[in-house]
Amino acid sequence: MSWSGAVSLQNVALDTAYSLRNLRFPRVTVADSQLSCISDGLVEVDLVIDRSEIKSVKPAGSGAVLTTDIDMAHAMAWPCPIDCHTHLDKGQVWPRSKNTDGSFEGASGVAYRESMGPAFTADVDTRVDFSLRTAYSHGTRAIRSHVDGNSINFSQVFDQLTELSNTWADRIILQLCPFSDVSDSIEWLSFLATRAAKQPYGVLSSFVYPTPRLDAQLDRVVQLADAKGLALDFHADEILNQESHCLRAIARSVLRNKFDGPVLVGHCCALSVQPAEEVSKTLDLVAAAGIGIVALPLCNAYLMDRHHAQTPRHRGTAPVHEARSRGIEVAIGSDNVRDASYW
Ligand SMILES: [Zn+2]
């Protein structure tokens, strides 16, 4: 069968092998190094797909033409996005919880008050479902969301989101991470870690900022994750302070404790205002520790360097090129949506 005009892959039966010809991919998304670029970093290929699996990738014009065949006419295809840093529990509340000065401090205060109000738990599943529907309509396949570890309603919110993740499992993988504060008590950290361990992909997340006992506090979090077989996810250095070295402290803790699970660190804004030699020193440790970095450019450009009647100059973007040049895995995430941290 060959279709001309409007093409819909939805017409292809799930148990049918089919060929797609003349399809364009960004070169970086295709492992086959034999394919040469046609232009703008694109390769053009013929594919054979059987039961949702790509069975063959050949240069355009040389692939098999099966009975069910579609000429893609040079259309582009991208892998489904994966958003590895979000806060779905807090999102979609702007109409009732505005951040009037747009600052990080303003966002923290408004978010805290919002999380304590009855509306927060009353509509959390509606708000998260809306976020999942909008992400799905843009092709997103997997999302990691932190879930605030607020002792008043954490369990209620986490249970509701767990139920939603089950409902959405065949469309979006929703990975839920209990969100701790690095200064939390060991009892509360243990409780959150236990809840994380019951998830299909256990991740404990922690907000980290300079404290007098930071190394010891980080060691507690790392050792707890190790004991429960969890991955780790940190918010670190979300501040434009040259003296903030939380990412470096996390890397040292991971190395000190010989933690070998996945570790992701988000934000890393302070590095954008630190001298190059300080950034190098930190990134060398991050590379040695096998830590990945996620930059959150939209949210941080919104929050960083906000002062009354002064144009922001520093946007707090993590040093992604410097990280990549050391082989550090780098991602870009959304962070907050339609709440006090990002409107
Ligand atoms: Zn975040």
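It should be emphasised that the depicted structure is a prediction, and the values quoted were computed from it without experimental measurement.

Enquirer: Hey, could you go over the environment of Arg-195 for me, with residue numbers and the actual values?
Expert: Its place among the elements puts Arg-195 in helix α5 (residues 186-197). Taking relative accessible area as the criterion, Arg-195 reaches 16% and is therefore assigned buried. With 40 residues separating them in the primary sequence, Arg-195 and Ser-155 have C-alpha atoms 8.8 Å apart.

Enquirer: So what's going on with the packing of helix α4 (residues 154-167) against α5? Which residues, and what values?
Expert: In a pair of packed helices, the angle between the axes and the distance between the axes together describe the arrangement. Running from N to C, α4 and α5 point in directions that differ by 15°, and their axes come no closer than 12 Å. Considering their axes alone, α4 and α5 lie roughly parallel with respect to each other. Two packed elements cross with a definite hand, and for α4 against α5 that hand is right-handed. Here Phe-154, Ser-155, Phe-158 and Asp-159 of α4 come into contact with α5, specifically with Trp-188, Phe-191, Leu-192 and Arg-195. In terms of residue class, the contact of α4 with α5 is built from five nonpolar, one polar and two charged.

Enquirer: Tell me what's going on with the pairing of strand β10 (residues 231-236), and back it up with residues and numbers.
Expert: With six of six residues buried, β10 lies mostly within the body of the structure. The alternating pattern of β10 places Ala-231, Asp-233 and His-235 on one face and Leu-232, Phe-234 and Ala-236 on the opposite face, and all of these are buried. Relative to β10, strand β9 (residues 203-208) runs parallel, the two being bridged by six bridges. For Phe-207, the partnering residue across the bridge sits in β10 and is His-235. In this region the chain leaves β9, passes through helix α6 (residues 214-228) and returns to the parallel neighbour β10; the handedness of that crossover is right-handed. Across five bridges, the pairing between β10 and strand β11 (residues 263-267) is parallel. Bridged to Asp-233 within β11 is Leu-264. The parallel pair β10 and β11 is bridged by helix α7 (residues 246-256), and the resulting crossover is right-handed.

Enquirer: So what's going on with the pattern of salt bridges? Which residues, and what values?
Expert: This model, assessed by the stated rule, comprises 15 salt bridges. In this structure, Glu-44 engages Arg-24 in a salt bridge whose closest nitrogen and oxygen atoms are separated by 2.6 Å. Residue Glu-44 is found in strand β3 (residues 42-50), and its partner Arg-24 is found in strand β2 (residues 18-26); the two are separated by 20 residues along the sequence. When its relative accessible area of 14% is taken as the criterion, Glu-44 is described as buried. Exposure remark for Arg-24: the relative accessible area of 23% places this residue in the partly exposed category. In this structure, Asp-284 and Arg-326 form a salt bridge, with 2.7 Å as the shortest nitrogen-oxygen distance. With a gap of 42 residues between them, Asp-284 in helix α8 (residues 276-289) and Arg-326 in the loop between α10 (320-324) and β13 (330-332) connect regions that are remote in the sequence. Taken together, the shared-partner salt bridges in this structure form one network comprising Arg-96, Glu-114, Asp-123 and Arg-127.

Enquirer: Provide a residue-level description of empty space enclosed by the protein, including the pertinent values.
Expert: A full pass over the atoms with the stated rule returns two cavities of 30 Å³ or more. Put simply, the largest cavity is a space of about 50 Å³. Around the largest cavity sit Lys-90, Val-93, Ala-111, Glu-114, Ser-115, Phe-120, Asp-339 and Ala-340, which together line it. When residues of the lining of the largest cavity are assigned to their parent elements, the largest contribution, three residues, is made by helix α1 (residues 104-116). For the second largest cavity, the calculated volume is near 30 Å³. His-87, Leu-88, Gly-91, Ser-131, Asp-335 and Val-337 are the residues that line the second largest cavity.

Enquirer: Break down α4 for me, with residues and values.
Expert: Here α4 spans 20 Å end to end across 14 residues, near enough to the 20 Å set by a 1.5 Å rise per residue. Every buried residue of α4 is listed here: Phe-154, Val-157, Phe-158, Gln-160, Leu-161, Thr-162, Leu-164 and Ser-165. Looking at the packing, one finds that the buried side of α4 touches α2 (118-122), α3 (124-137), β7 (142-148), β8 (173-181) and α5.

Parameters and conventions
- Residues numbered from 1 in each chain as written.
- Predicted model: local features only at pLDDT ≥ 70, side-chain atom pairs only at ≥ 80, totals over all residues.
- Heavy atoms only, no water.
- Helix = DSSP H or I, 4+ residues; strand = E, 2+ residues; numbered from the N terminus.
- Buried < 20%, exposed > 50% of the residue type's maximum accessible area, 1.4 Å probe, protein only.
- Axes fitted to C-alpha atoms, helices over the stretch in contact; angles between N-to-C directions.
- Parallel < 35°, antiparallel > 145°, perpendicular 65-115°, else oblique.
- Left-handed = near helix turned anticlockwise from the far one by under 90°.
- Contact = heavy atoms within 4.5 Å.
- Nonpolar A, V, L, I, M, F, W, Y, C, P; charged D, E, K, R; others polar.
- Pairing = 2+ DSSP bridges.
- Right-handed = clockwise from strand over helix to strand, strands pointing away.
- Salt bridge = Lys/Arg side-chain N within 4 Å of Asp/Glu carboxyl O.
- 1 Å grid on protein atoms, 1.4 Å probe; cavity = no way out; pocket = protein on both sides within 12 Å on 5 of 7 lines; lining within 4 Å.
- Points joined across faces, edges and corners; volume = space filled by probe spheres on them.
- Expected span 1.5 Å × (residues − 1).

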